[in-house]
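Fold and geometry: a report
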Amino acid sequence: MELSWKDFAKVLAVIFLFSGCEGFAAYAVGSNETDRLALLEFKAKITDDPLRVLQSWNETVHFCQWHGVRCGRRHQRVISLDLQSHKLVGSISPHIGNLSFLRVLELTNNSFNYEIPPEIGRLR
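Reference entry: report on the structure contained in this document.

Criteria and cut-off values
Residues numbered from 1 in each chain as written. Predicted model: local features only at pLDDT ≥ 70, side-chain atom pairs only at ≥ 80, totals over all residues. Heavy atoms only, no water. Phe/Tyr/Trp six-rings, centres within 6.5 Å; stacked < 30°, edge-to-face > 60°. Helix = DSSP H or I, 4+ residues; strand = E, 2+ residues; numbered from the N terminus. Buried < 20%, exposed > 50% of the residue type's maximum accessible area, 1.4 Å probe, protein only. Disulfide = S-S within 2.5 Å.

Considering all chains together, one arrives at four aromatic pairs under this definition. Note on phenylalanine 42 and tryptophan 57: the rings are 6.1 Å apart at their centroids and 40° apart in plane angle, and the pair reads as tilted. Here tryptophan 57 lies in the loop between strand S1 (46-48) and strand S2 (69-71) and phenylalanine 42 lies in helix H3 (residues 31-44), a separation of 15 residues in the sequence. Under the relative-accessibility criterion, phenylalanine 42 is labelled buried at 0%. Taking the relative accessible area as the measure of exposure, tryptophan 57 reaches 1% and is therefore buried. Ring centres 6.2 Å apart and planes at 70° place the aromatic pair phenylalanine 63 and tryptophan 66 in the edge-to-face group.

Next up, the structure:
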């Protein structure tokens with residue numbers, strides 16, 4: 001089976017993303033795939049979701065339709081993540097910094113441990 005250049009770039013980007021080279025991953029995968037992967041990394045750091053709000057965060061629907069996620073119309077990039085008051089427990093993934101179009105991050109009234117990842121500082 002032959003792999004197209006685009007598919008090869010996606011595979012390579014996922015490898016780099018999980019090894020901590022987010023900048024290359026964002027370049028190789030491009031646009032909204034980077035956002036999808038960042039959201040999945042965010043979900044992976046949630047240890048308890050008693051209200052099951054992240055249940056919609058799966059492959060059956062586009063990530064822009066996931067609960068609490070709002071995307072811009074033009075590029076389908078995440079512009080808002082609103083998960084306030086959902087009793088989520090866990091930590092905030094540093095991959096949140098890969099959501100380069102994010103303008104609203106609302107996580108109040110949950111139980112996030114540890115510290116705010118410095119990668120959030122990349123968001124403008």
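After that view, the rundown keeps rolling.
Let us look at the state of the cysteines. Each disulfide consists of one covalent bond between the sulfur atoms belonging to two cysteines. Within this structure, the stated rule accounts for one disulfide. A sulfur-sulfur separation of 2.1 Å characterises the disulfide bridge that pairs cysteine 64 with cysteine 71. Between cysteine 64 and cysteine 71 the sulfur-sulfur dihedral comes to about -95°; the bridge is accordingly left-handed. For the residue pair cysteine 64 and cysteine 71, the accessibility class agrees, reading buried in each case.

Keep in mind these numbers describe shape, not what the thing actually does.
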